[in-house]
Amino acid sequence: MMNRLNFRTYAMVIALTCIWAIFTALTDGTFLTNRNLSNLSRQASVTAILAVGMVFIIVSANIDLSVGYGSGLLGAIAVIIHVWWEQNPIVAILATIALGILIGAVQGYFVAYQRVPAFIVTLGGFMVCRGLMLAATRGETILLPNNWFKAIGNAYLPKSIGWGLAITALISGAYAFYRQRKARVSYGLAVPSTTIFVVKIVGTSTTIIGFAAVMNSHEGIAVPVCILFMLVFFFHFIADHTRFGRYVYAIGGNSEAAYLSGINVRNVTLRVFAIMGALMAVAGVVLAARVGSASPEAGRLLELDAIAACVIGGASLMGGRGSIPGAVLGALVMESLNNGMSMANMDASWQDIIKGVVLVAAVWFDIMSRRRGR
C-alpha cells in the first residue's frame, strides 16, 4: 500500500512538472515567472481549501455537489454582513463560518440519519445555494471596501515571517518523517532504505525553501496560501493521528463493518459534512476577499475542481482511500491547467476538454496501478 501511494505521489509530481514545462514553452517562459507562480498559488488556494474538506467527504464514501455555489453564497453573506449591515469583519467571518457549519450539518443529517443519498441531498443544496445567492445579492455585484477583509485574499506576509514559516515547516516535516519511520520500525514494518529516507527529507526541504524563495522574490507568501497551509496541517493531523480520522477511513472502507465494530457511523458522517461546511465558508471568504466583491456567479463549478483535485490526488470515489496532501497537489494540477491554458489563450471549449481528459486519465491510472499491485 505504501509503495502504491509513493508511486502515485511521484507520478503526480512528474505530471505537474510536465504540465509546467509545456505551458512555459507555450507562453515563452511567462508561466514560470515569480509573479505568475505567486498568482497561481493564490488561485489554487480556494480550490485546495475545498479539496481539504472534500477528502473527508470522499473517503467516507460520500459526495458533496453543493460546495461551489455554497462557498459563493457564504462569501456573499460575509460581504453583506460587513458592507450592508456595517458589522466588523471579524463578526462577519465568524457568523459565516457558523452558518457554513450549520449548512453542512443539515446536509449531513439527511445523509446520515434520514439515509437520503448524498448525491441527491447535495444536488438539492447546490440548487438552494444558487437560488439564495441570487436572492441575497439581488443579482448585483457587491464591492468590498479597501480594508483588512479584502487583504485576506490579496495581502502578503512580510518576507521575514515567510522565511520563518518555511524554516518551521522544514523542521516539522523532517521530524514527522523521522517519527513515522521510527514508529514503523517499532512495529516491525518495512521501511525505505536510509538513502531513500535522506533523499525524501532533502527533496521536501528543497521544495519548501524553493517555494519560499520564489514567493519572496515577488511580494512574499500570500495570506490565502498561509491560511491553506494551516488548514492542511490541522486536518492532516486529524485524518492521520486521531480516532475520528481512523473512523472516517473505516466507514469509507466498509460502513457495515465499522458499525459492527462500535463506530457511530451516523454521528461521524454528520461531523464530516459539518467540517465540509466550515471549509466551504472559509473558501467563500477567501474567494470574496481575493476578487474584492460578492458576485451572483461566484463559486460556479468549483465543486467539480475540488472533486477532481481529490481524485487526481489519489482519493477513491468508492471511499476508504485518499489523503489531504494528495488533494492539495491535485488542486495545484487543476489550477496549473486553468492558469496555463488561460495564459496560452486556449479556446474555452478546449480547456474543458483537456481538464476532462486529465480527470479520466487520473482515474484510469489509479485503476491500472492497483491492478498491477503498485
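Note: the structure precedes this text.
Residues numbered from 1 in each chain as written. Predicted model: local features only at pLDDT ≥ 70, side-chain atom pairs only at ≥ 80, totals over all residues. Heavy atoms only, no water.

Any details on the overall build of the chain? Residues and values, ideally.
Assigned secondary structure in the chain consists of 15 helices and two strands. In terms of overall size, the chain behaves like a compact globule, its C-alpha atoms giving a radius of gyration of 21 Å where 374 residues would be expected to give roughly 21 Å. Dimensions of the chain, computed from the C-alpha atoms along their principal axes, are close to 60 × 55 × 40 Å. Taking all 374 residues of the chain together, the buried fraction comes to 47%. Long-range pairs, those at least 24 residues apart, make up 81% of the contacts in the chain with a sequence separation of at least 6. Accessible surface, the chain as shown: approximately 18100 Å² in total, 66% of it carbon and sulfur. Once the 26 positive and 14 negative side-chain charges of the chain are each reduced to a mean point, those two points are 14 Å apart. (Helix = DSSP H or I, 4+ residues; strand = E, 2+ residues; numbered from the N terminus. Rg over C-alpha atoms; globule rule 2.2 N^0.38 Å. Buried < 20%, exposed > 50% of the residue type's maximum accessible area, 1.4 Å probe, protein only. Contact = heavy atoms within 4.5 Å. Areas by Shrake-Rupley, 256 points an atom, 1.4 Å probe, with all protein chains shown as cover. Lys, Arg positive; Asp, Glu negative; His and termini not counted. Charge placed at Lys NZ, Arg CZ, Asp CG, Glu CD.)

Go over helix α7 (residues 159-186), please, and point to the residues and values.
With 28 residues, α7 ought to run about 40 Å at 1.5 Å a step, and its terminal C-alpha atoms sit 40 Å apart, in line with that. Taken together, the buried positions of α7 are Gly162, Ala166 and Arg181. Of the surrounding secondary structure, the elements contacted by the buried residues of α7 are α8 (194-216). Count one or two residues on from α7 and you reach glycine 188, which has phi positive near 75°. (Expected span 1.5 Å × (residues − 1).)

Would you mind going over the nonpolar core in detail, with residue names and values included?
Within the largest apolar cluster, 88 residues are counted, with the highest numbers of intra-cluster contacts made by Ile49, Met54, Phe56, Phe235 and Ile324. Top contributing element to this core by residue count: helix α12 (residues 265-291), with 16 residues. With residues near it in sequence (within four places) discarded, isoleucine 324 still touches Val52, Val55, Phe56, Val232, Phe235, His236 and Ala239. Grouped together as the second largest cluster of nonpolar side chains are five residues, Tyr69, Leu73, Phe126 and Met133 included. (Core = buried A, V, L, I, M, F, W, Y, C linked by side-chain atoms within 4.5 Å.)

With reference to specific residues and values, describe the side chain of asparagine 339.
Checked against the element boundaries, asparagine 339 lands in helix α14 (residues 324-343). Separated by 3.1 Å, the side chains of asparagine 339 and asparagine 36 make a polar contact. For asparagine 339, the contacting residues outside a window of four places in its chain are Phe31, Asn36, Leu40 and Gln43. (Polar contact = N/O pair within 3.5 Å; in protein donor to acceptor, adjacent residues only side chain to side chain.)

I'd like to hear about a nonpolar patch on the surface, residue by residue, with values.
Residues Leu102, Val106, Tyr109, Phe110 and Tyr113 make up a contiguous nonpolar surface patch of roughly 440 Å² in combined accessible area. The residue valine 106 is located in helix α4 (residues 89-112) in this model. (Patch = residues over 30% accessible without salt bridge, like charges linked within 9 Å, V, L, I, M, F, W, Y side chains within 5 Å. Salt bridge = Lys/Arg side-chain N within 4 Å of Asp/Glu carboxyl O.)

I'd love a proper account of the pattern of salt bridges, names of residues and values included.
In this structure the tally under the stated criterion is one salt bridge. In this structure, the salt-bridge partner of lysine 355 is aspartate 305, at a minimum N-O distance of 3.4 Å. You can see lysine 355 sitting in helix α15 (residues 348-371) and its partner aspartate 305 sitting in helix α13 (residues 302-312), a full 50 residues away along the chain. For the pair shown, lysine 355 and aspartate 305 are each scored as buried.

Residues and numbers for the state of the cysteines, please.
Working definition: the covalent bond between the sulfur atoms of two cysteines is a disulfide. Tallied over the full model, the rule gives zero disulfides. Sulfur of cysteine 129: no disulfide; nearest cysteine sulfur belongs to cysteine 310 and is 18 Å away. Since its relative accessible area comes to 5%, cysteine 129 is described here as buried. (Disulfide = S-S within 2.5 Å.)

Go over the packing of aromatic side chains with me, naming the residues and quoting the values.
Overall, the coordinates contain nine aromatic pairs when judged by the stated rule. Here tyrosine 109 and tyrosine 113 contribute two aromatic rings whose centre-to-centre distance is 5.7 Å and whose plane-to-plane angle is 20°, an arrangement assigned as stacked. A relative accessible area of 30% means that tyrosine 113 is categorised as partly exposed. Put simply, the rings of Phe56, Phe234, Phe235 and Phe244 pair up and form one aromatic cluster. (Phe/Tyr/Trp six-rings, centres within 6.5 Å; stacked < 30°, edge-to-face > 60°.)

A description of the packing of α13 against α14 should follow, citing residues and the corresponding values.
At their nearest, the axes of α13 and α14 sit 7 Å apart, and the two run at 120° to each other. In terms of orientation, α13 and α14 fall into the oblique class. As α13 packs across α14, the resulting crossing turns out to be right-handed. On α14, the residues that touch Asp305, Ala308, Ala309, Cys310 and Ile312 of α13 are Gly326, Ala327, Gly330, Ala331, Met334, Glu335 and Asn338. Residues of the contact of α13 with α14, tallied by class, amount to seven nonpolar, three polar and two charged. (Axes fitted to C-alpha atoms, helices over the stretch in contact; angles between N-to-C directions. Parallel < 35°, antiparallel > 145°, perpendicular 65-115°, else oblique. Left-handed = near helix turned anticlockwise from the far one by under 90°. Nonpolar A, V, L, I, M, F, W, Y, C, P; charged D, E, K, R; others polar.)

An account of the packing of helix α3 (residues 67-83) against α12 is requested, with residue identities and associated values reported.
α12 packs onto α3 with a crossing angle of 60° between their chain directions and a minimal axis gap of 7 Å. It follows from the interaxial angle that α3 and α12 lie oblique. As for the relative orientation of α3 and α12, their crossing is right-handed in sense. For the pair α3 and α12, contact is made by Val67, Gly70, Ser71, Leu74, Gly75, Ala78 and Val79 and by Met276, Gly277, Met280, Ala281, Ala283, Gly284, Val285 and Ala288, respectively. Classifying every residue of the contact of α3 with α12 gives ten nonpolar, five polar and no charged.

Give me the environment of phenylalanine 149: which residues, what numbers.
With respect to the helices and strands, phenylalanine 149 occurs in helix α6 (residues 148-154). You can call phenylalanine 149 buried: its relative accessible area is 0%. Phenylalanine 149 sits 141 residues away from arginine 290 along the chain, and the two C-alpha atoms are 9.5 Å apart. When residues no more than four places from it in sequence are discounted, the contact partners of phenylalanine 149 are Ala78, His82, Pro89, Ile93, Leu144, Val285 and Ala289.

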